[in-house]
Amino acid sequence: MVWLRRSIEANRNNPLSRFWLADALTRIGELNEAKATAQAALALDPIFTIRRLRATAPSNNPAFLAGRALFYRGLRLAAVPEG
């Protein structure tokens with residue numbers, strides 16, 4: 001999570017780093033902080049949805065898709081809109 005926080009500090013206008021951090025925070029049980037981080041990301045990209053992210057999956061490799069599924073789960077727990 002240190003690198004995700006550094007990424008946010010380096011470019012505060014990049015919402016994707018914040019979404020990744022929100023996912024990481026859900027994995028360690030920090031749901032309130034994850035939701036706040038996701039809301040900050042949504043403020044930068046208000047039309048972001050899990051559905052739109054899913055549509056951009058650059059691979060159909062099963063291992064890649066399994067990892068993405070975990071990311072979607074974390075985003076749902078952080079209250080990111082499904083779309």
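Residues numbered from 1 in each chain as written. Predicted model: local features only at pLDDT ≥ 70, side-chain atom pairs only at ≥ 80, totals over all residues. Heavy atoms only, no water.

> I'd like a rundown of the nonpolar core, residues and numbers included.
Counting 17 residues, the largest nonpolar core has Phe-19, Phe-48, Leu-53, Leu-75 and Val-80 as its most contacted members. At the level of secondary structure, the elements contributing two or more residues to this core comprise α2 (15-27), α3 (31-44), α4 (50-55) and α5 (62-77). Contacts of Leu-53, omitting those with residues within four sequence positions, involve Phe-48, Arg-68, Phe-71, Tyr-72 and Leu-75. (Core = buried A, V, L, I, M, F, W, Y, C linked by side-chain atoms within 4.5 Å. Buried < 20%, exposed > 50% of the residue type's maximum accessible area, 1.4 Å probe, protein only. Helix = DSSP H or I, 4+ residues; strand = E, 2+ residues; numbered from the N terminus. Contact = heavy atoms within 4.5 Å.)

> Just give me the short version of the pattern of salt bridges, but keep the residues and values in it.
The full count for this structure, using the stated rule, is three salt bridges. Between Asp-23 and Arg-27 there is a salt bridge, with its nearest N and O atoms 3.2 Å apart. One end of the pair, Asp-23, and the other, Arg-27, are both in helix α2, four residues apart, so they sit about a helical turn from each other. In this structure, Glu-82 and Arg-76 form a salt bridge, with 2.7 Å as the shortest nitrogen-oxygen distance. (Salt bridge = Lys/Arg side-chain N within 4 Å of Asp/Glu carboxyl O.)

> Lay out the side chain of Thr-49 in plain terms, naming residues and giving numbers.
Inspection of the secondary structure puts Thr-49 in the loop between α3 and α4. Separated by 3.1 Å, the side chain of Thr-49 and the backbone nitrogen of Arg-52 make a polar contact. (Polar contact = N/O pair within 3.5 Å; in protein donor to acceptor, adjacent residues only side chain to side chain.)

> How would you sum up the packing of α2 against α5? Please name residues and give values.
For the pair α2 and α5, interaxial distance at closest approach is 8 Å and the crossing angle is 85°. In terms of axis orientation, α2 runs roughly perpendicular to α5. On α5, the residues that touch Phe-19, Trp-20, Asp-23, Thr-26 and Arg-27 of α2 are Leu-70, Phe-71, Gly-74, Leu-75 and Leu-77. In terms of residue class, the contact of α2 with α5 is made up of six nonpolar, two polar and two charged. (Axes fitted to C-alpha atoms, helices over the stretch in contact; angles between N-to-C directions. Parallel < 35°, antiparallel > 145°, perpendicular 65-115°, else oblique. Nonpolar A, V, L, I, M, F, W, Y, C, P; charged D, E, K, R; others polar.)

> Residue-level account of the packing of aromatic side chains, with values.
Under the criterion given, the structure shown has two aromatic pairs. Note on Phe-19 and Phe-48: the rings are 3.9 Å apart at their centroids and 20° apart in plane angle, and the pair reads as stacked. With Phe-19 in helix α2 and Phe-48 in the loop between α3 and α4, this residue pair connects regions lying 29 residues apart in the sequence. Ring geometry for Trp-20 against Phe-71: centres 3.8 Å apart, planes inclined by 10°, an arrangement best described as stacked. Placement of Trp-20 in helix α2 and of Phe-71 in helix α5 is noted, with a sequence separation of 51 residues between them. Directly above the ring of Trp-3 sits Arg-6, whose terminal nitrogen or CZ lies 4.7 Å from the centroid. (Phe/Tyr/Trp six-rings, centres within 6.5 Å; stacked < 30°, edge-to-face > 60°. Lys NZ or Arg CZ within 6 Å of the ring centre and 35° of its normal.)

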